[in-house]
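Structural overview
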Amino acid sequence: MPFRYSAPPWWRQAVFYQIYLRSFADGNGDGVGDLAGLRARLPYLKALGVDALWVTPWYTSPMADGGYDICDHRAIDPLFGTTEEAESLLAEVHDAGLRVILDLVPNHCSKQHPWFRQAVSEGPGSPSRDRFWFRPGKGPDGSRPPNDWPSQFGGPAWTRLTEADGTPGPWYLHLFSHHQPDLNWNHPDIRADFAHTVRFWLERGADGFRVDAAPFPVKNPSLPDIAPHASPTQLPYRDQHQVHEIYRALRALTDSYPGSHFLIGEVNLPTPAQRARYVRTDELHCTFNFPYLASSWEAHKLRQIITDSLPADKDTPAQAAWVLSNHDTVRHLTRYGRDDSSFHMDGTFVDGPLDTNYRTGFARARAAILLTLALPGPAFLFQGEELGLPEVEDLPRAAVHDLAGKQPNTPAQGRDGCRVPLPWSEDTPPFGFTTNGTAWLPQPSSWHGLTAQRQEADPASMLRLYRSALAWRSCHMPSLPTTLRWVDLGTNVLAFARGAFLCLVNFGAHPIPLPRETQVHLTSSPLKERRLPQDASAWLTRSGYPAPPSLSHDGTKSS
Ligand code: GLC
């Protein structure tokens, strides 16, 4: 058979930048980030050097859950702009040589969605109720929820409806907040509408999708209680076998369009085997590497996670994208400054930082990005991490929007601590985020040193480190082997090679000498006599490798 070379798909080594739209940049002066703001900042993203954008939901929504409560998946919320502006954005992103993926939310819609309103208004027995999960309550007066399933935001996953005539009605299922009724995927309308949405955005140029809460849309149809000793791998409302049909259909549909599209799932499941089932040749291309995101800053833990995450062989596409933070998690710069630097996915939050100057967190965040970008496979950045933004942990309670902030056992800021609008310029809030004076969430006045404008001018800034790393990566890493080989430099050092390239991270208290006969390309902290300090990383090549001009730790070229 003749040898046929097929180039790896564009996303295999791509770096994605997550746009949390309402906090990115405001273009119309209402204090909320929007499409006009994003379009105006495309040159910034191009200069940063990312390959693609992931835009979080921009669809019409009452914004009870930041846009993850959708009324119309095929229309842009007026808060963000218009469908025409979205089309222009897609074209401009492509003109800039970047790609864009959009969020799809199959599990639920908004309580304000026309279908839910119809189901409520048409009353008991109406077929319009079959698009959701309405069930009578337990007990003689139906006053107890139909089963014991919990909402991901705390409390029961059921809310009792009040009928139009004021009488108490059945309960409806919502695995997230009561603003987000779960859709019944057994109903043909749900499948047809989802396919319609996918086609709609593919025809407008979307390069793929991020699938929200991917394991949840299919439920055990008898809606049983959780078995008393159920293992967390077997829950009746998550990861049911039939859920994979949804992703097979999604893949078949996207593959039927010309070009190469990328599908990534939010698949936060306990075991690698469960997660891998979403990444088969006829399903999604990738999941997020949540174990990597949630890991503490410890060499042995990260090493184990990386080892376990690498596809077993090059023909297995099972790939999880490297990621350190997103719009649901505590920013890693803050986590890394704590005694317990892990992130707890079950929603529990640990105490505030020990290190209020963020010195440790800052050094580790710099080291972490070089580690992340040196690993083979796609990576996701969360907006603002390139500016070294910390979590905002003292938002006044009255300013908080996130519904998670209203749950017991969560800090008052909920997830808004990582969603504070970006500081672009100027010395006082709103730091160029908006023209009208007030951003939708207050920014700390201490962020004046973190604006993009300041950092652009500072060769030692986080922004310049990100730019240097992304530039070096896109120039030199595509030709590196996609497998890595661990190099033993002691228990406090993570070191691996990809061909002639070496990445070293020093977790220990003492500086370590760099291996001899290597050339230094980038370091996250300045070296002292070729020694790598604590909480720092370095990108090296072995001598003899056709080396590019060196970039020093501050991103400037050195001879
Ligand atoms: C995902 C989103 C999160 C949202 C939830 C419900 O986890 O990332 O922000 O609250 O789904 O849609």
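Residues numbered from 1 in each chain as written. Predicted model: local features only at pLDDT ≥ 70, side-chain atom pairs only at ≥ 80, totals over all residues. Heavy atoms only, no water.

1. Some points on the overall build of the protein
In terms of regular secondary structure, the protein is built from 13 helices and 22 strands. Compactness check: the protein gives a C-alpha radius of gyration of 24 Å against a globular reference of 24 Å for 559 residues, within 12% of the reference. Along the longest, intermediate and shortest principal axes, the C-alpha atoms of the protein span 80 × 65 × 50 Å. Residues counted as buried form 58% of the 559 residues belonging to the protein. For the protein, the proportion of contacts with a sequence separation of at least 24, taken over those separated by at least 6, is 66%. Here the protein has roughly 22,400 Å² of accessible surface; of this, 53% comes from carbon and sulfur atoms. If the 52 positive side-chain charges of the protein are averaged to one point and the 59 negative ones to another, these points end up 6 Å apart. (Helix = DSSP H or I, 4+ residues; strand = E, 2+ residues; numbered from the N terminus. Rg over C-alpha atoms; globule rule 2.2 N^0.38 Å. Buried < 20%, exposed > 50% of the residue type's maximum accessible area, 1.4 Å probe, protein only. Contact = heavy atoms within 4.5 Å. Areas by Shrake-Rupley, 256 points an atom, 1.4 Å probe, with all protein chains shown as cover. Lys, Arg positive; Asp, Glu negative; His and termini not counted. Charge placed at Lys NZ, Arg CZ, Asp CG, Glu CD.)

2. Describing the pairing of strand 15 (residues 493-498)
Taking burial as the measure, the 6 residues of strand 15 include 6 buried ones, the bulk of the element. On strand 15, burial covers both faces: Val493, Ala495 and Ala497 on one face and Leu494, Phe496 and Arg498 on the other are all buried. In this sheet, strand 15 lies alongside strand 14 (residues 485-486) in antiparallel orientation, the contact comprising 2 bridges. Counterpart to Arg485 in the pairing with strand 15 is Ala497. (Pairing = 2+ DSSP bridges.)

3. Quick word on the site of the ligand
Around the ligand, a shell composed of 13 residues is seen, among which Asp65, His108, Asp212, Glu266 and Asp328 lie nearest. At a separation of 3.0 Å, an oxygen atom of the ligand approaches a polar side-chain atom of Arg415. Residue composition of the shell around the ligand, by class: 3 nonpolar, 3 polar and 7 charged. (Near = heavy atom within 4 Å. Polar contact = N/O pair within 3.5 Å; in protein donor to acceptor, adjacent residues only side chain to side chain. Nonpolar A, V, L, I, M, F, W, Y, C, P; charged D, E, K, R; others polar.)

4. Some remarks on the nonpolar core
Counting 145 residues, the largest nonpolar core has Tyr17, Trp58, Trp201, Ile306, Phe380 and Trp539 as the members making the most contacts within it. Per element, the largest residue contribution to this core is 8 residues, and it comes from helix 11 (residues 359-374). Ranked by size, the runner-up nonpolar core spans 16 residues in total, among them Trp158, Phe216, Leu223 and Leu403. (Core = buried A, V, L, I, M, F, W, Y, C linked by side-chain atoms within 4.5 Å.)

5. Re the packing of helix 5 (residues 188-203) against helix 6 (residues 243-255)
Between helix 5 and helix 6, whose axes approach to 11 Å, the crossing angle comes to 35°. The handedness of the crossing between helix 5 and helix 6 comes out as right-handed. Along the contact surface, helix 5 presents Arg191, Phe194, Ala195, Val198, Arg199 and Leu202, while helix 6 presents Glu245, Ile246, Leu250, Leu253 and Thr254. Here the contact of helix 5 with helix 6 is composed, by residue class, of 7 nonpolar, 1 polar and 3 charged. (Axes fitted to C-alpha atoms, helices over the stretch in contact; angles between N-to-C directions. Left-handed = near helix turned anticlockwise from the far one by under 90°.)

6. Some details on the domain arrangement of the protein
Assigned domains within the protein: domain 1 (15-110 + 187-456), domain 2 (114-173) and domain 3 (481-558). One C-alpha centre belongs to domain 1, the other to domain 3; they are set 30 Å apart. Listed by partner, the interface residues are 19 residues for domain 1 and 20 residues for domain 3. A buried area of about 1,700 Å², summed over both sides, lies between domain 1 and domain 3, and 69% of it is on carbon and sulfur atoms. Between the two partners, domain 1 and domain 3, sit 1 salt bridge. Between Asp535 and Arg364 there is a salt bridge, and its shortest N-O distance comes to 3.1 Å. Counting every contact that joins domain 1 to domain 3 gives 7 residue pairs in polar contact (both at pLDDT 80 or more). Breaking the side of domain 1 that touches domain 3 down by element, the ones donating at least two residues are helix 9 (299-309) and helix 11. Ranked by the residues each element gives to the side of domain 1 that touches domain 3, the list is headed by helix 11, at 9 residues. A breakdown of the residues in the side of domain 1 that touches domain 3 according to their chemical character gives 13 nonpolar, 2 polar and 4 charged. (Domains from an automatic or database assignment. Buried area = accessible area lost by both parts, 1.4 Å probe. Salt bridge = Lys/Arg side-chain N within 4 Å of Asp/Glu carboxyl O.)

7. Digging into the side chain of Ser177
Among the secondary structure elements, Ser177 is positioned in the loop between strand 8 (168-173) and helix 5. Classification of Ser177 as buried rests on a relative accessible area of 7%. A distance of 2.8 Å separates a polar atom in the side chain of Ser177 from a polar atom in the side chain of Gln180. When near neighbours in sequence (up to four residues on either side) are disregarded, Ser177 contacts Ser151, Phe153 and Leu403.

8. Observations regarding helix 4 (residues 114-122)
Those residues of helix 4 that sit buried are Trp115, Phe116 and Ala119. One side of helix 4 carries all its buried residues, which in axial view fall inside an arc of 100°. A positive phi of about 80° marks Gly123, the residue just after helix 4. (Arc of directions from axis to C-beta.)

9. Describing the sheet that holds strand 8
Within the open sheet, the 3 strands sit side by side as 6-8-7. Their pairing is antiparallel. Pairing within the sheet leaves two strands with one partner each, and these edge strands are strand 6 (134-135) and strand 7 (158-162). Sheet analysis places strand 6 next to strand 8, joined by 2 bridges and oriented antiparallel. In the strand pairing of strand 8, Arg135 is matched with Trp171.

10. Re the pattern of salt bridges
Taken as a whole, this structure holds 24 salt bridges when the rule is applied. With a closest N to O distance of 2.7 Å, Lys219 and Asp182 form a salt bridge. Placement of the pair is Lys219 in the loop between strand 9 (208-211) and helix 6 and Asp182 in the loop between strand 8 and helix 5, with a sequence separation of 37 residues. Note on accessibility: Lys219 and Asp182 belong to one class, buried. In this structure, Arg210 and Glu266 form a salt bridge, with 3.5 Å as the shortest nitrogen-oxygen distance. Remark: Glu266 occurs in the loop between strand 10 (262-265) and helix 7 (272-276) and Arg210 occurs in strand 9; sequence separation between them is 56 residues. With relative accessibility at 2%, the residue Arg210 sits in the buried group. One connected set of salt bridges, linked through shared partners, spans Asp65, Asp328, Asp402, Arg415 and Arg419.

11. Structural notes on the packing of aromatic side chains
The geometry of an aromatic ring pair is captured by two quantities: the separation of the ring centres and the angle between the planes. Within the structure shown, the criterion is met by 32 aromatic pairs. Note on Trp486 and Phe496: the rings are 5.7 Å apart at their centroids and 85° apart in plane angle, and the pair reads as edge-to-face. Remark: Phe496 occurs in strand 15 and Trp486 occurs in strand 14; sequence separation between them is 10 residues. Taken individually, Trp486 and Phe496 each receive the classification buried, so the pair is uniform in this respect. Taken together, Trp10, Trp11, Phe16, Trp54, Phe262, Phe288, Phe290 and Phe380 form an aromatic cluster joined through their ring pairs. (Phe/Tyr/Trp six-rings, centres within 6.5 Å; stacked < 30°, edge-to-face > 60°.)

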